[in-house]
Amino acid sequence: MSCVDIKKEQLDFLDWELGVFFHFGIRTFYEGHVDWDMKEMPLSGFNPPEVDCDNWIKTVKEAGAKYAILVCKHHDGFANWPSKYTEYSVKNTPWLDGKGDVVRLFVDACRKYDVKVGLYYSPAQFGSNDMDGKEYDDYFINQISELLTGYGKIDYLWFDGCGSEGHEYDTARIVKAIRSCQPNILIFNMWDPDTRWIGNESGVAPICNKNILTELSGFSINMADGDKLEKARFLPAECDVTIRAKNWFYSDSDGHTLKSLDELMGLYYASVGRGANLLINIGPGRDGKLPEADAKRYIEFGKKVKEIFSEKYEVKGTVEKTENGYNIVFDDFEKVNHIVLCEELDGESEIEDFEIRCFARPHQEKVIAYHGETVGHKRICAFPAMDAKKIEVVLDKNKKVDIKAYYVPAF
């Protein structure tokens, strides 16, 4: 395979690792609505006493999130900014007498706390079939241009393909407009993607999670599983999941489904620990604030991640390069139950098979503790604790890999 182009922004994206999704809009105020139910949601319902984006971002920053994404327009068409191209927006709500702008509050808070700015926009919406193709493309480009020219640098544009199946867009024109407004922006999922959806909303990446792809699977629009790309592309993956079991927007009905710390840690291992980013959704409530329990759980989760993969639990050893990988050699027997591998992503080849072998007590027998496929940005290998004098990491390719060992008493 010839070398595949990699943008600096794509590598930066993988370094973000943890992100937060905020589904907030007109649907927040109408209990029981679901996607594409076509039920009316009058603008009079949108009137939060406060939209505390400052606290949203301060909270997720404390937990270690590097980026945040705000739903600017969902499938219902409601614009969280005073768009000139629709009457169905904050400008015609009672909130702040129509002078409010959720996008502005969100972007300003992200910049205040040094969190990367992501904006979600649903290409499809209720009633779009009432417009002809060019008219809808104009509407689409006009709104996207407002978002990409009115709020400074935007790091990430998140497209949701739901509802667009079968709809013909002038994709070349749309992509040109986006790239003209923000040349360095990352686009999620569609048309000219820089990042890709993992293919589920469960927060779990596959065991084999390649970054260099020759075909697509799991995309929500236009390409079926196994469809070939014109050429191989570097497309890092993102796993999205809700912090509650049911809804993306706030609901009174599902507070009891808040994921436990163990569940969130399991998702971290199955996403970031498999070389993808983890995007966890929290739906701000009707008071414009994060639900207290959800915010507390997210902070608890973030602190646990930072604690486990810190010097507190790191097992120090000498890392030696070998013909087929690396050895970690300890001065004496050390207890180890995690190895974290980080591959240099050069666009030329990827590790597709590896083993971790522990030379353990009592007689330093070789034990295969972990067998994996891809490594990518990060592979967290957890296995039963072993007292080891040496650990071999055997790779199928001669790649530069950063290696750390940990012993976590309880995880």
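Predicted model only: the values in this text are computed from it and were never measured.

So what's going on with the packing of aromatic side chains? Residues and values would help.
For the structure shown, the criterion picks out 36 aromatic pairs. Residues Tyr136 and Tyr169 carry aromatic rings whose centres are separated by 6.4 Å and whose planes lie at 50° to one another, so their mutual orientation is tilted. You can see Tyr136 sitting in helix H4 (residues 133-149) and its partner Tyr169 sitting in the loop between strand E4 (156-159) and helix H5 (171-181), a full 33 residues away along the chain. Owing to a relative accessible area of 1%, Tyr136 belongs among the buried residues under this scheme. Residue Tyr169 is classed as buried on the basis of its relative accessible area of 10%. Across the ring face of Tyr326, the terminal group of Lys321 is positioned such that the distance to the ring centre comes to 5.1 Å.

Account for the side chain of Glu17, with residues named and values stated.
When you line up the elements, Glu17 lands in the loop between helix H1 (8-16) and strand E1 (18-22). The exposure class assigned to Glu17 is buried, which follows from its relative accessible area of 14%. Among the polar contacts made by the side chain of Glu17, one reaches the side chain of Lys378 at a distance of 3.0 Å. Apart from residues lying up to four places away in sequence, Glu17 is in contact with Tyr67, Tyr268, Val272, Asn277, Leu278, His377 and Lys378.

Any chance you could break down the nonpolar core for me, citing the residues and the numbers?
Counting residues in each nonpolar core, the largest one holds 86 residues, and the members touching the most others are Phe22, Ile57, Phe106, Tyr298 and Phe301. Setting aside chain neighbours within four positions, we find Phe106 in contact with Phe22, Cys53, Ile57, Ala68, Ile69, Leu70, Val117, Gly118 and Leu119. Ile328, Ile356, Ala388 and Val393 belong to the second largest nonpolar core, which has 25 residues in total.

Procedures and definitions
Residues numbered from 1 in each chain as written. Predicted model: local features only at pLDDT ≥ 70, side-chain atom pairs only at ≥ 80, totals over all residues. Heavy atoms only, no water. Phe/Tyr/Trp six-rings, centres within 6.5 Å; stacked < 30°, edge-to-face > 60°. Helix = DSSP H or I, 4+ residues; strand = E, 2+ residues; numbered from the N terminus. Buried < 20%, exposed > 50% of the residue type's maximum accessible area, 1.4 Å probe, protein only. Lys NZ or Arg CZ within 6 Å of the ring centre and 35° of its normal. Polar contact = N/O pair within 3.5 Å; in protein donor to acceptor, adjacent residues only side chain to side chain. Contact = heavy atoms within 4.5 Å. Core = buried A, V, L, I, M, F, W, Y, C linked by side-chain atoms within 4.5 Å.

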